[in-house]
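A look at the structure
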Amino acid sequence: MYKLNLEKGVKANIWLNENLVECRCDDSKIIMEEQTNLFAKSRKIILELFLPRAHSNYALLGVDFLANGAGRSIIKWDIDCLRQERYSNAIALSFDTVIWGILDEFREGIVRSLDYHRKEHMLPSGTVTYIISAYGEIGSSADMFRRLNDILLSLLICGELNESIIAKIVQEEFSIKPRLCDIRRKLYGQYI
């Protein structure tokens, strides 16, 4: 696990190919399928993010990516939205009550991010399965989950991941105006 304390008070925890807790539901659902020419390595990434501001400041989201060479991206939802238990080790705990699962309004932010990345042809070939999520009762929003998903998708298509690459991608989402997809185009050749 990486613990990052970044500029402007941004904090992030990142688990690579590790399990945090089991939040999967009994039946996963395909939410998107798309042709793609983008290939990446199989990996599991869980990202928890906290921003030091009054609202829209917390989200946790994780994906399990199984790569293949079929040229098709399949996006699946496998998060138990009804779990509704407290997450006692959240980085936002001193500011908010954090609950495992996700609300429909926050899931819409993830769908907006996926739609954007689909249109920009930035989804990797294979199956992306959303496996874990947590939200703050006060501090989460659809936009926070959209931004978190933008970061997760960026991390999926990177070649090797290390602390400095992860920190750069997370920090760039919150320090400059263009969408992360535009930034990835600049980074793509450098890290893949």
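Let us look at the structure shown here. (Residues numbered from 1 in each chain as written. Predicted model: local features only at pLDDT ≥ 70, side-chain atom pairs only at ≥ 80, totals over all residues. Heavy atoms only, no water.)

1. Quick notes on the overall build of the chain
For clarity, the cut-off: Only runs of H or I of at least four residues qualify as helices and only runs of E of at least two qualify as strands under DSSP, and these elements are numbered from the N terminus. Relative accessibility thresholds used throughout: buried, under 20% of the residue-type maximum; exposed, over 50%; partly exposed, between the two (1.4 Å probe, protein chains only). Every residue pair with non-hydrogen atoms within 4.5 Å of one another is taken to be in contact. Surface accessibility follows the Shrake-Rupley procedure with a 1.4 Å probe radius. Residue values consider only the protein chains on display as shielding.
Regarding its fold elements, the chain presents 4 helices and 8 strands. Each helix and strand of the chain, ordered N terminal to C terminal, gives the series β-β-β-β-β-β-β-α-β-α-α-α. Across the 192 residues in the chain, those meeting the buried criterion constitute 55%. Restricting to contacts in the chain with at least 6 residues of sequence separation, those with at least 24 account for 80%. Looking at the chain as shown, the accessible area adds up to about 8800 Å², and 48% of this sits on carbon and sulfur atoms.

2. Re the pairing of strand E2 (residues 11-16)
Using the following cut-off: A pair of strands counts as paired when DSSP detects no fewer than two bridges linking them.
The buried count for E2 comes to 5 of 6 residues, which makes it a mostly enclosed element. Two elements, strand E1 (residues 2-5) and E2, share 4 bridges in a ladder whose sense is antiparallel. Bridge pairing in E2 places Tyr2 opposite Ile14. Counting the residues in the hairpin turn of E1 and E2 gives 5 residues, including Lys8, whose phi is positive at 60°. Note: E2 against strand E4 (residues 43-50), 6 bridges, orientation antiparallel. By the bridge assignment for E4, Trp15 is matched with Ile46.

3. Quick notes on the packing of helix H1 (residues 104-119) against helix H2 (residues 142-157)
What counts, and what does not: Axis angles are defined between N-to-C directions and span 0 to 180 degrees, where every axis is a line fitted to C-alpha atoms and, for a helix, only to the segment in contact. Working definition: roughly parallel below 35 degrees, roughly antiparallel above 145 degrees, roughly perpendicular at 65 to 115 degrees, and oblique for all remaining angles. By definition, any crossing whose near helix is turned counterclockwise from its far helix by less than a right angle is left-handed, and any crossing with a clockwise turn is right-handed. Charged residues are taken to be Asp, Glu, Lys and Arg, nonpolar residues to be Ala, Val, Leu, Ile, Met, Phe, Trp, Tyr, Cys and Pro, and polar residues to be all remaining types, Gly included.
For the pair H1 and H2, interaxial distance at closest approach is 7 Å and the crossing angle is 40°. Relative to H2, the element H1 lies oblique. The handedness of the crossing between H1 and H2 comes out as right-handed. Within the contact between the two elements, H1 uses Glu105, Phe106, Gly109, Ile110, Arg112, Ser113, Leu114 and His117 and H2 uses Ala142, Asp143, Phe145, Arg146, Asn149, Asp150 and Leu153. Of the residues in the contact of H1 with H2, the class split is 6 nonpolar, 4 polar and 5 charged.

4. Focus on H1
Test applied: Each residue after the first adds 1.5 Å to the expected span of a helix.
Compared with an ideal rise of 1.5 Å per residue, which puts 16 residues at 22 Å, H1 spans 23 Å between its outermost C-alpha atoms and is within 8% of the ideal. Among the residues of H1, Phe106, Arg107, Gly109, Ile110, Ser113, Leu114, Tyr116 and His117 are the ones counted as buried. Phi for His121, located one or two positions after H1, is positive at around 60°.

5. A word on the pairing of strand E8 (residues 126-136)
Burial analysis of E8 places 11 of its 11 residues in the buried class, which makes it a mostly covered element. Both strand E5 (residues 58-67) and E8 contribute to a ladder of 8 bridges, which runs antiparallel. Its bridge partner lying in E8, Phe65 is registered against Val128. Bridge analysis of strand E6 (residues 72-79) against E8 gives 5 bridges, and the strand direction is parallel. Within the sheet, the bridge partner assigned to Ile74 lies in E8 and is Thr127.

6. Structural notes on the environment of Met1
With respect to the helices, strands and loops of the structure, Met1 is situated in the segment before E1. In this structure, the C-alpha to C-alpha distance between Met1 and Ile14, residues 13 residues apart in sequence, is 5.5 Å.

7. Considerations on the pattern of salt bridges
Note the cut-off: When a carboxyl oxygen of Asp or Glu is within 4 Å of a side-chain nitrogen of Lys or Arg, the pair counts as a salt bridge.
One pass over the structure, following the stated rule, counts 6 salt bridges. Between Arg72 and Glu33 there is a salt bridge; the shortest N-O distance is 3.4 Å. With a gap of 39 residues between them, Arg72 in strand E6 and Glu33 in strand E3 (residues 24-35) connect regions that are remote in the sequence. Judged by relative accessible area, Arg72 falls into the partly exposed class, the value being 30%. In this structure Glu33 comes out as partly exposed when scored by relative accessible area, which is 39%. Arg118 is the salt-bridge partner of Asp115, the closest N and O atoms lying 3.9 Å from each other. Here Asp115 and its partner Arg118 are both found in helix H1, 3 residues apart, which amounts to about one turn of the helix. We classify Asp115 as partly exposed; its relative accessible area is 27%. One connected set of salt bridges, linked through shared partners, spans Asp143, Arg146 and Asp150.

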